[in-house]
Amino acid sequence: MNDHHKTFIAFVKLGHFLREFVTLETPNDEWSQKLEDAIALSKHKNGWFTRENVIHALESWGQLLTEEKLSDWLKPYDLDKNKPKNVALIMAGNIPLVGFHDFMSVLITGNKVLAKLSSNDNALILFTKDYLISIEPLLKDTIEISDGKMEGFDAVIATGSNNTSRYFEHYFSKVPNIIRKNRNSIAVLTGRESKEQINALGEDIFRYYGLGCRSVSKVFVPENYDFATLFEAVYSYHPIIEHVKYANNYDYNKAVYLMSEFKILDNGFLILKEDKSYSSPIASLFYERYDSLDNLKKRLSQDTNELQCIVSEGVIDTEIAFGNTQQPSLTDYADNVDTVDFLLRT
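Since we're looking at a predicted model, the values are computed, not measured.

Details of helix H5 (residues 100-108)
Within H5, nine of the nine residues are buried, which leaves it mostly tucked inside the rest of the structure. Count one or two residues on from H5 and you reach Gly-110, which has phi positive near 95°.

As structure tokens, then:
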């Protein structure tokens, strides 16, 4: 068995463990208890990482890390062409395990990870590192966590904001790189959506409190759209206001909007504000009216580098079904840049 296959099997076994873990009522072995501890620590470090959201992330990865799905993902690539290299990963920490796809991509293609973890999401990544090494000890020499200045790397994958990307582009300009900036996700409504579809849109809006690039932060609606339909359909998500950090953001943003005399719509846990920007604050959802779907599609095509997901039905070729933005497949690469292809070509 070659090293590629050993690494592949380690990720398959991690997937099996995660699928079993999310069904447990109480930990029943050493590694289950370690994951419970990592979940508790991650919530302590990052108040947005509720157990429900962490379990959602773990369950999603468990469903992806199967032998069949991993094989289908890697089938188009020739991993034997890889030139082993040290790849620096600078990870974000906005949602649980947000950097795991990059982490896995580097290892499964036969490269070494040199990772700088976000303090907001290091406990879960460190757990997966330890678990993988326990399954396949050879990985111990291919994973290095950096706390200081990163040196000795041959390529870089860095995820950050539009501001940090300028620093990344300067600092890492001499090596092959993927530099990710801010992206947002939107929904295009026609007014013909069912109540079930709009309710599912609530998952796209509220999962991870809207902190992910795949979280819908804006909706485009027809000129005469009745927002009462949206408010009614997403009302089942109202317990989100019980989360203290979310409630604080809701109160703050509402106060700012009212003091600025912006016209807003409000249902007690979500603020709707008409705005041309794609990026809305927590507890807010921007909206914009359109007069023509054709004109809107042209605009979205021009703004493709600002968008991660477009939720709609029968509007955009690359659209995502309502409720599915937080269920990406292994080929749904961040910023639509094929990470595996980048690693194999570098």
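Describing the pattern of salt bridges
Two side chains carrying opposite charge are able to pair once their charged atoms lie near each other. On inspection of all chains with the given rule, the structure shows 19 salt bridges. The shortest N-O distance in the salt bridge between Lys-75 and Asp-72 comes to 3.5 Å. For Asp-72, a relative accessible area of 42% corresponds to the partly exposed category. Close ionic contact of Lys-276 with Glu-288 constitutes a salt bridge, the shortest N to O distance being 3.4 Å. Placement of the pair is Lys-276 in the loop between strand S9 (271-274) and strand S10 (284-290) and Glu-288 in strand S10, with a sequence separation of 12 residues. On the accessibility criterion, Glu-288 (9% relative accessible area) is buried.

Some thoughts on the pairing of strand S1 (residues 86-90)
Moving residue by residue along a regular strand, the side chains alternate between the two faces of the sheet. Counted residue by residue, S1 has four buried out of five residues, so it is predominantly covered. When S1 meets strand S2 (residues 112-116), the two strands line up parallel, connected through five bridges. The residue bridging Ile-90 from the neighbouring strand is Lys-116, located in S2. With H5 bridging S1 and its parallel neighbour S2, the resulting β-α-β unit is right-handed. Pairing of S1 with strand S4 (residues 155-159), which is carried by four bridges, proceeds in the parallel orientation. Looking at S4, one finds that Val-87 is bridged to Ala-155.

Brief notes about the sheet that holds strand S3 (residues 143-145)
Pairing in this open sheet of five strands is parallel, and the strands run S3-S2-S1-S4-S5 from one edge to the other. Strands at the two margins of the open sheet, each flanked by one partner only, are S3 and strand S5 (177-180). Across the sheet, the mean angle from the axis of one strand to that of its neighbour is 15°, orientation sign disregarded. Where S2 meets S3, three bridges bridge the pair, whose relative direction is parallel. Looking across to S3, one finds that Val-113 is bridged to Ile-143. Its contacts with the sheet place helix H7 (residues 162-171) against S1, S4 and S5, and it is angled at close to 165° to S5.

Examining helix H1 (residues 3-21)
Here H1 is 19 residues long and its end C-alpha atoms lie 27 Å apart, about the 27 Å a rise of 1.5 Å per residue gives. Three or more residues of H1 are buried, namely Thr-7, Phe-8, Ala-10, Phe-11, Val-12, Leu-14, Gly-15, Phe-17, Leu-18 and Phe-21. Close packing links the buried residues of H1 with helix H2 (30-45), helix H3 (51-64), helix H4 (67-74), H5 and helix H6 (123-135).

A word on the sheet that holds S9
With mixed pairing, six strands are arranged side by side in an open sheet as S8-S9-S10-S7-S6-S11. Strand pairing shows two members of the sheet lacking a second neighbour, strand S8 (264-266) and strand S11 (307-311), which therefore form its edges. Pairs of neighbouring strands in the sheet enclose a mean axial angle of 25°, with direction left out of account. Relative to S9, S8 runs antiparallel, the two being bridged by three bridges. The residue of S9 that forms the bridge with Leu-265 is Leu-272.

Criteria and thresholds
- Residues numbered from 1 in each chain as written.
- Predicted model: local features only at pLDDT ≥ 70, side-chain atom pairs only at ≥ 80, totals over all residues.
- Heavy atoms only, no water.
- Buried < 20%, exposed > 50% of the residue type's maximum accessible area, 1.4 Å probe, protein only.
- Helix = DSSP H or I, 4+ residues; strand = E, 2+ residues; numbered from the N terminus.
- Salt bridge = Lys/Arg side-chain N within 4 Å of Asp/Glu carboxyl O.
- Pairing = 2+ DSSP bridges.
- Right-handed = clockwise from strand over helix to strand, strands pointing away.
- Axes fitted to C-alpha atoms, helices over the stretch in contact; angles between N-to-C directions.
- Contact = heavy atoms within 4.5 Å.
- Expected span 1.5 Å × (residues − 1).

So yeah, pure geometry; function would need other evidence.
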